[in-house]
Amino acid sequence: MHRLIDKKNKIIIYLLLLSILSTTSGKFVENQKSYYYTIKQINIEGLSNRDNKKIFQELNNLFYKNILLVSKKEIQKVISKYNIIEEYNIKKIYPSTINIYIKPTKLLAKISNEGKFLVGSNGLLIEDKHNNETLPYIFGEFNTKHFLDFKKNIDKSKFTFTQFKTLYFFPSKRWDILTNDNILIKLPQDNFLKSINLAYKIISMDDFKKKKSLI
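Residues numbered from 1 in each chain as written. Predicted model: local features only at pLDDT ≥ 70, side-chain atom pairs only at ≥ 80, totals over all residues. Heavy atoms only, no water.

(A) A look at the packing of aromatic side chains. Under the definition given, this model contains 11 aromatic pairs. Their ring planes at 20 degrees and their centres at 5.6 Å tell us that Phe139 and Tyr168 sit as a pair that is stacked. Separated by 29 residues along the polypeptide, Phe139 in strand 7 (residues 137-139) and Tyr168 in strand 8 (residues 164-169) bring together distant segments of the chain. Accessibility expressed as a relative area gives 29% for Tyr168, which makes it partly exposed. Cation over ring: Lys151 sits above Phe161, and NZ or CZ is 5.3 Å from the ring centre. (Phe/Tyr/Trp six-rings, centres within 6.5 Å; stacked < 30°, edge-to-face > 60°. Helix = DSSP H or I, 4+ residues; strand = E, 2+ residues; numbered from the N terminus. Buried < 20%, exposed > 50% of the residue type's maximum accessible area, 1.4 Å probe, protein only. Lys NZ or Arg CZ within 6 Å of the ring centre and 35° of its normal.)

(B) Molecular detail of unusual backbone geometry. The linkage connecting Tyr94 with the following residue, Pro95, adopts the cis geometry, with an omega of 15 degrees. Tracing the chain through its elements places Pro95 in the loop between strand 2 (85-93) and strand 3 (97-104). Positive phi, close to 70 degrees, is recorded for Tyr64, a residue that is not glycine.

(C) Fine view of the pattern of salt bridges. Evaluated as defined, the whole model comprises 5 salt bridges. One salt bridge connects Lys81 with Glu58, and the closest N-O pair in it is separated by 2.5 Å. Here Lys81 is found in the loop between helix 3 (72-79) and strand 2, whereas its partner Glu58 is found in helix 2 (residues 49-58), with 23 residues between them in sequence. The class of Glu58 is partly exposed, set by a relative accessible area of 29%. (Salt bridge = Lys/Arg side-chain N within 4 Å of Asp/Glu carboxyl O.)

(D) Summary view of the pairing of strand 5 (residues 117-120). Note: strand 4 (residues 107-111) against strand 5, 3 bridges, orientation antiparallel. The residue of strand 5 that forms the bridge with Leu107 is Gly120. The pairing of strand 5 with strand 6 (residues 125-127) spans 3 bridges and is classified as antiparallel. Across the sheet, Leu118 pairs through a bridge with Ile126, a residue of strand 6. Counting the residues that bridge the hairpin from strand 5 to strand 6 gives 4 residues, and of these Gly123 lies at a positive phi of roughly 85 degrees. (Pairing = 2+ DSSP bridges.)

(E) View of the nonpolar core. Ile55, Leu59, Ile75, Ile85 and Ile100 are the most contacted members of the largest nonpolar core, which totals 23 residues. Those elements giving two or more residues to this core turn out to be strand 1 (41-45), helix 3, strand 2 and strand 3. What Ile75 contacts, discounting residues up to four positions off in sequence, is Leu59, Leu62, Ile90, Ile98 and Ile100. Among the nonpolar cores identified, the runner-up in size contains 22 residues, and Ile138, Phe147, Ala199 and Ile203 belong to it. (Core = buried A, V, L, I, M, F, W, Y, C linked by side-chain atoms within 4.5 Å. Contact = heavy atoms within 4.5 Å.)

(F) Summary view of the environment of Asn52. Its place among the elements puts Asn52 in helix 2. Between the C-alpha atoms of Asn52 and Ile100, which are 48 residues apart in sequence, the distance is 9.9 Å. For Asn52, the contacting residues outside a window of four places in its chain are Ile44, Glu45, Gly46 and Leu47. Separated by 3.1 Å, the side chain of Asn52 and the backbone oxygen of Leu47 make a polar contact. (Polar contact = N/O pair within 3.5 Å; in protein donor to acceptor, adjacent residues only side chain to side chain.)

(G) Layout of the sheet that holds strand 3. Spatial strand order, 1-3-2: 3 strands in an open sheet with mixed pairing. Every interior strand has two partners, whereas the edge strands, strand 1 and strand 2, have only one. Strand after strand, the sheet turns through a mean of 15 degrees between neighbouring axes, direction not considered. Where strand 2 lies against strand 3, 8 bridges are found, and the strand directions are antiparallel. Bridging from a neighbouring strand, Ile85 pairs with Pro104 of strand 3. On top of the sheet, helix 2 reaches strand 1, strand 2 and strand 3; it is set at about 150 degrees to strand 1, its chief contact. Strands in contact with helix 3 are strand 2 and strand 3; relative to strand 2, the strand with the most contacts, it is inclined by about 150 degrees. (Axes fitted to C-alpha atoms, helices over the stretch in contact; angles between N-to-C directions.)

Right, dumping it as structure tokens:
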């Protein structure tokens, strides 16, 4: 009788041990799986080393988070703060890597405040004290819409944007352009494309190459 009870007790103990070991093993496997999907690497390409590093530092809080639970919106919040960015693409490489590919905006002009701010092709202002590109200066109250419309018309014309040294924008929504040859073109408010092409034709004539102003 006692042997039977002892045998039953041993079976119960074995079952309890098996249950504990099974639970511990299950938790270990679960923790291993969870660690397997944590973010261990973030790669950023496309901008200068300085800007890539800035974005990387702002995304540091994502390290060792579960890659399955991190949303792209969380990353987009950081990226959208940088006006230098035209386009970007975020890719999750499972199990533990995030790749961010960035296309920087093209810098078009400098605002006339010591050249500290530049205008991108995305219409945004970019603060960059270290930029040494030769870009035209814009004088007058800056307006994104008017400037981008102006740039589109220039692209349709016979001029190239690199031929301009200075741009003047007036409250009447009219533009004056100073070329690299120091020829001042005063454009009317209307018929922009027709007028700018006419100016190009006149400038190309030998009789007008010494002129400094076209009205």
